[in-house]
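Read off the chains here:
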Amino acid sequence: MTLSPPPRRAHRPAAARRLARTLYASAFCDEFILLYPVYALLFSDTGLSVWQMASLFALWSLTGVLLEVPSGVWADTVSRRLLLVLGPLLTATSFALWVLVPSYGAFALGFVLWGAGGALGSGALEALVYDELERTGEAGQYARLMGRARALGIAATMTAMGLAGPVFAWGGYHAVGAASVLTCLAAAAVATRFPEHRAPCAGGERWTATLRAGLAEARADRSVRGALLLVPAVTAVWGALDEYTPLLALETGVAPGTVPWLLLMIWAGATAGSLLAGTAESLSAHGFAALLAGSGLALAVGALAGTPAALVLVALAFGGFQLATVLADVRLQRRIDDTGRATLTSVAGLGTELGNLATYGAYAAVATYAGHGTAFALSAVPYLLTALLLTGAARVAVRAAAAKRRGAERGGAGDAAGAVLVTRGRVGPGAGAGAGRNESPRSAGRTQ
């Protein structure tokens, strides 16, 4: 007789494939924005001063900081897929405003909309993907899928950088703006294809209750708290440094036309790091610390060397940091409860946003007086310190586990000795663990 497999198991591969395809398409559409390389030129051509542009970037960051956690809590109370659809629509609106009515007010409103759109997706995407994989028994594939998705996002950004020039030469800001709006609309359409089997929560007080529950979980569980802090510790600094890589490349003495090729090499390293996430998923705490330390040293040496060839080390560092970013997210998702997953992921995102702001300020202060190479090199210090902390924590955990194991062994030996003494003293067969399970007082009496 042949038994057919359970229906749910039979549908697992198809469900996982659909989720992966949707995730990859979404990641590509989110980053394939031709307006990225030229929007600063749009601001300048409109007549904005440097301080006005700086105020726009600050408004963008502030929007993300203020909405990061509320949007994550919202993602735990309503449909996460809905937020992933709304986010690109807000971004499309912002880009349309910029090219149709270019002015400081339109740029400011656009950055608020763009920041809100990014906040809606932050936390919601990771939570939806992990929960759907866990539902089908494929949670172990999370690192591989997210690594590939981030690699596709980087590839989309590099492709957009390559196409922006020809499209801009052909149709100006209206052409690159229209292409960017269409890409955002495509991202919203792709997001409707995400599977979601989690039922949204109801109740008027659920929003605040979800936030309190998520924060309580982080306070009560040390492993959750550690994973929560690890995400910004890994992501914040290098996530801000990528804005300055063109300046670092130019400082090596190459011609401006060579800078894009050097940037392509650096981001190829980051792409490779993303693709290694599935393979490196089982890294121990010591291995993770070594990854951070090695990447930090490569960043410092490559930046201080001041030659184009040394930027290969910077590319290796960015690859290590990108890999560590994916693995830190994986560790966080595995430690938090599904009911508050988006909330705590957004709390980690808030930490990253604040870390980015701090890095921008510190970088500007150092680079102004010592140059970009020195600023990049000093940016490796937080990673070396994080690696030391992880190594120390791992050693403490190993010693605690060993002490617990020795205590259990001593306790087991004491129990065994007590059982022997009780048996010899004829207290009764029920007093010994083995006697209680294997024989009754009457049967013991007959054997004596």
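1. With respect to helix H2 (residues 39–46)
For the α-helix, the turn length of 3.6 residues means that residues three or four positions removed from each other point alike.
Here's step 1: Those residues of H2 that sit buried are Tyr39, Leu42 and Phe43. With its buried residues spanning 100° around the axis, H2 presents them on a single face.
Here's step 2: Looking one or two places after H2, you find Gly47, whose phi comes out positive at around 105°.

2. Topic: the environment of Ala58
Here's step 1: Among the secondary structure elements, Ala58 is positioned in helix H3 (residues 50–77).
Here's step 2: Distance from Ala58 to Phe111, taken between C-alpha atoms, is 9.5 Å for residues 53 residues apart in sequence.

3. Re the environment of Leu62
Here's step 1: Take Leu62: it is sitting in helix H3.
Here's step 2: Overall, the relative accessible area of 46% leaves Leu62 in the partly exposed class.
Here's step 3: Residues Leu62 and Gly115, 53 residues apart in the sequence, show an inter-C-alpha distance of 8.3 Å.

4. Quick look at the nonpolar core
Here's step 1: If you look at the biggest cluster of nonpolar residues, it comprises 83 residues, and the most contacted ones within it are Leu23, Val129, Phe194, Phe288, Leu299, Phe318 and Phe376.
Here's step 2: The leading source of residues in this core is helix H13 (residues 311–335), at twelve residues.
Here's step 3: Residues within four places of Val129 in sequence aside, it is in contact with Leu19, Leu23, Tyr142 and Met146.
Here's step 4: In terms of nonpolar packing, the next biggest core, distinct from the first, is built from 24 residues, Val38, Phe95, Phe107 and Ala156 among them.

5. Thoughts on the packing of helix H6 (residues 124–135) against helix H7 (residues 142–191)
Here's step 1: At their nearest, the axes of H6 and H7 sit 10 Å apart, and the two run at 145° to each other. Every pair of crossing elements has a handedness; the one defined by H6 and H7 is right-handed. Facing Glu126, Val129, Tyr130 and Leu133 of H6, the residues of H7 in contact are Tyr142, Leu145, Met146 and Arg150.

6. Quick notes on the confidence of the model for the chain
Here's step 1: Confidence along the chain averages 82 in pLDDT terms, with 82% of residues attaining 70 or more.
Here's step 2: When pLDDT is averaged over each element of the chain, helix H4 (residues 80–100) comes out on top at 96 and helix H18 (residues 441–447) at the bottom at 36.
Here's step 3: Here residues 1–11 is a poorly scored stretch, pLDDT under 50, and it has one contact once near neighbours within four places are set aside; other chains count.

7. Looking at the packing of aromatic side chains
Here's step 1: Across all of its chains, the model carries 28 aromatic pairs by this definition.
Here's step 2: When the centroid spacing of 5.4 Å and the interplanar angle of 80° are considered together, the rings of Phe43 and Trp98 count as edge-to-face. Taken as a pair, Phe43 in helix H2 and Trp98 in helix H4 lie far apart in primary sequence, 55 residues in all. Of the two residues, Phe43 and Trp98, both sit in the buried class.
Here's step 3: Both rings, one in Trp238 and one in Phe318, keep their centres 5.3 Å apart while their planes meet at 75°; by these two values the pair is edge-to-face. Here Trp238, found in helix H9 (residues 222–241), pairs with Phe318, found in helix H13; they are 80 residues apart in sequence, far enough to count as distant.
Here's step 4: Residue Trp238 is classed as buried on the basis of its relative accessible area of 6%.
Here's step 5: When its relative accessible area of 0% is taken as the criterion, Phe318 is described as buried.

8. Some remarks on helix H5 (residues 104–121)
Here's step 1: The terminal C-alpha atoms of H5 lie 26 Å apart, and with 18 residues this matches the ideal 26 Å at 1.5 Å per residue to within 8%.
Here's step 2: In terms of burial, H5 is largely enclosed, as 13 of its 18 residues are buried.
Here's step 3: Just downstream of H5, Gly123 is the residue with a positive phi angle, here 95°.

9. Overview of a nonpolar patch on the surface
Here's step 1: Taken together, the side chains of Trp74, Leu82, Leu86, Leu89, Leu182 and Leu185 present a nonpolar region at the surface, about 510 Å² in accessible area.
Here's step 2: For the nonpolar patch, the elements supplying multiple residues, two or more each, are H4 and H7.
Here's step 3: Sorting elements by how many residues they give to the nonpolar patch places H4 first, with three residues.
Here's step 4: Within the secondary structure, Leu86 sits in helix H4.

10. Re the side chain of Asp131
Here's step 1: Its location among the elements puts Asp131 in helix H6.
Here's step 2: Using a relative accessible area of 12% as the deciding quantity, one classes Asp131 as buried.
Here's step 3: Engagement of the side chain of Asp131 in a polar contact is seen with the side chain of Arg341, the distance being 2.8 Å.

Basis of the calculations
- Residues numbered from 1 in each chain as written.
- Predicted model: local features only at pLDDT ≥ 70, side-chain atom pairs only at ≥ 80, totals over all residues.
- Heavy atoms only, no water.
- Buried < 20%, exposed > 50% of the residue type's maximum accessible area, 1.4 Å probe, protein only.
- Helix = DSSP H or I, 4+ residues; strand = E, 2+ residues; numbered from the N terminus.
- Arc of directions from axis to C-beta.
- Core = buried A, V, L, I, M, F, W, Y, C linked by side-chain atoms within 4.5 Å.
- Contact = heavy atoms within 4.5 Å.
- Axes fitted to C-alpha atoms, helices over the stretch in contact; angles between N-to-C directions.
- Left-handed = near helix turned anticlockwise from the far one by under 90°.
- pLDDT = per-residue confidence, 0-100.
- Phe/Tyr/Trp six-rings, centres within 6.5 Å; stacked < 30°, edge-to-face > 60°.
- Expected span 1.5 Å × (residues − 1).
- Patch = residues over 30% accessible without salt bridge, like charges linked within 9 Å, V, L, I, M, F, W, Y side chains within 5 Å.
- Areas by Shrake-Rupley, 256 points an atom, 1.4 Å probe, with all protein chains shown as cover.
- Salt bridge = Lys/Arg side-chain N within 4 Å of Asp/Glu carboxyl O.
- Polar contact = N/O pair within 3.5 Å; in protein donor to acceptor, adjacent residues only side chain to side chain.

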